[in-house]
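Coordinate analysis (summary)
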Amino acid sequence: MTAGTARALLAQGLGHLAPAGKTGTSNDSRDSWFAGYTGDHLLVVWVGNDQNQPTGLYGATGGMRVWSEVFRRLPSAPLRLSSEGIEWRWVLDGQSTDEDCPGARRFPFVAGYAPAYQPCQYAPPVELDEFGNPITPPVEEPGGNLLQRAGEALRHFFGGGDPAKTPPPAPAAPSPAQPTP
């Protein structure tokens, strides 16, 4: 409940219960649900329309609000979790790996069921563009400024090239004669 849409329960004064839960919304907002539990109780709430029409509610604005009202009035013990039987591992690409491996995330596993260990394959960081593709740095080549040459190529492509510097187009090759039947 410390992150995501369900964190609103903390602001509603239910933080003392240390609840755990999950919000949910179906396509077109036809269903709003919330499943949550404390140390003593589990409650799943569904809010929907029997005519299968949109409700305009989301998991946090429908099902979770009902859950919150129930647990505001219901005496319940806080959720206390034990780490007994749990192994925490750093995981990357489905394998346990080193904590400082770039991109690795920490996950809990039932003891004895964590994925096999794979040493981190360190590589220099790669910068990505807005689509997640690697950006390769431009290589300066002999014969001029790379940006200047790129600008000239774009001007030429879009018809703004300097006619004095543009070679005339090559003459078209003659078509081979077609044999007559």
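For the structure given in this document, a descriptive report is provided here. (Residues numbered from 1 in each chain as written. Predicted model: local features only at pLDDT ≥ 70, side-chain atom pairs only at ≥ 80, totals over all residues. Heavy atoms only, no water.)

Read across the sheet, three strands follow the order 5-4-6 without closing on themselves; strand pairing throughout is antiparallel. In this open sheet, the two edge strands, each paired with only one partner strand, are strand 5 (95-97) and strand 6 (105-110). Along the sheet, successive strands turn relative to each other by an average axial angle of 65°, direction set aside. (Pairing = 2+ DSSP bridges. Helix = DSSP H or I, 4+ residues; strand = E, 2+ residues; numbered from the N terminus. Axes fitted to C-alpha atoms, helices over the stretch in contact; angles between N-to-C directions.)

The phi angle at Asp28 is positive, at roughly 60°, despite the residue not being glycine. Assignment of secondary structure puts Asp28 in the loop between strand 1 (20-25) and strand 2 (31-37). Relative accessible area serves as the criterion here: at 53%, Asp28 is assigned to the exposed category. (Buried < 20%, exposed > 50% of the residue type's maximum accessible area, 1.4 Å probe, protein only.)

Our focus in this paragraph is helix 2 (residues 63-73). Looking at helix 2, one finds that the buried residues are Gly63, Met64, Trp67, Ser68 and Phe71. Looking straight down helix 2, one finds that the buried residues subtend no more than 130° of arc, so they occupy a single side. Facing away from the buried side of helix 2, by more than 90 degrees, are the exposed residues Arg65 and Arg73. Considering only its buried residues, helix 2 is in contact with helix 1 (8-14), strand 1, strand 2 and strand 3 (42-48). (Arc of directions from axis to C-beta. Contact = heavy atoms within 4.5 Å.)

What follows covers the layout of surface pockets. Empty space among the atoms can be located by rolling a probe the size of a water molecule over them. Put simply, the largest pocket is a space of about 180 Å³. Forming the walls of the largest pocket are eleven residues, and the residues nearest its centre are Leu92, Asp93, Cys101, Cys120 and Gln121. The residue inventory of the lining of the largest pocket, partitioned by class, reads six nonpolar, four polar and one charged. (1 Å grid on protein atoms, 1.4 Å probe; cavity = no way out; pocket = protein on both sides within 12 Å on 5 of 7 lines; lining within 4 Å. Points joined across faces, edges and corners; volume = space filled by probe spheres on them. Nonpolar A, V, L, I, M, F, W, Y, C, P; charged D, E, K, R; others polar.)

Below, the discussion takes up the sheet that holds strand 3. Pairing between the strands of a sheet is mediated by backbone hydrogen bonds and can be parallel or antiparallel. The antiparallel open sheet is built from three strands, whose spatial order is 1-2-3. Strands at the two margins of the open sheet, each flanked by one partner only, are strand 1 and strand 3. Between one strand axis and the next, the sheet turns by 5° as a mean value, whatever way the strands run. Across the face of the sheet, helix 2 comes into contact with strand 1, strand 2 and strand 3 while running at roughly 140° to strand 3.

Using the criterion set out here, one finds one disulfide in the structure. Through a disulfide, Cys101 is tied to Cys120; the S-S separation comes to 2.1 Å. Judged by the sign of its S-S torsion, about 75°, the bond between Cys101 and Cys120 is right-handed. Of the two residues, Cys101 sits in the loop between strand 5 and strand 6 while Cys120 sits in the loop between strand 6 and helix 3 (146-157), which places them 19 residues apart along the sequence. (Disulfide = S-S within 2.5 Å.)

A word on the nonpolar core. Of all hydrophobic cores here, the largest spans ten residues; its members are Met1, Ala6, Leu9, Leu14, Leu17, Phe34, Val45, Met64, Trp67 and Phe71. Sorting the residues of this core by element identifies helix 1 and helix 2 as the ones contributing at least two each. Ranked by the residues each element gives to this core, the list is headed by helix 2, at three residues. Not counting chain neighbours up to four residues away, the residues in contact with Phe71 comprise Leu14, Leu17, Thr38, His41, Leu43 and Ser76. (Core = buried A, V, L, I, M, F, W, Y, C linked by side-chain atoms within 4.5 Å.)

Under the criterion given, the structure shown has two aromatic pairs. An angle of 70° between the planes, with centres 5.2 Å apart, marks the rings of Phe34 and Trp67 as edge-to-face. A residue pair is termed long-range when its members are at least 10 positions apart, and Phe34 in strand 2 and Trp67 in helix 2 qualify at 33 residues. As far as burial versus exposure is concerned, Phe34 and Trp67 are alike and both buried. Considering the side-chain rings of Trp67 and Phe71, the 4.0 Å spacing of their centres and the 20° angle between planes classify their relative orientation as stacked. In this pair, Trp67 and Phe71 both sit in helix 2, four residues apart, roughly one turn of the helix. For the pair shown, Trp67 and Phe71 are each scored as buried. Among the aromatic residues, ring-to-ring pairing joins Phe34, Trp67 and Phe71 into one connected group. (Phe/Tyr/Trp six-rings, centres within 6.5 Å; stacked < 30°, edge-to-face > 60°.)

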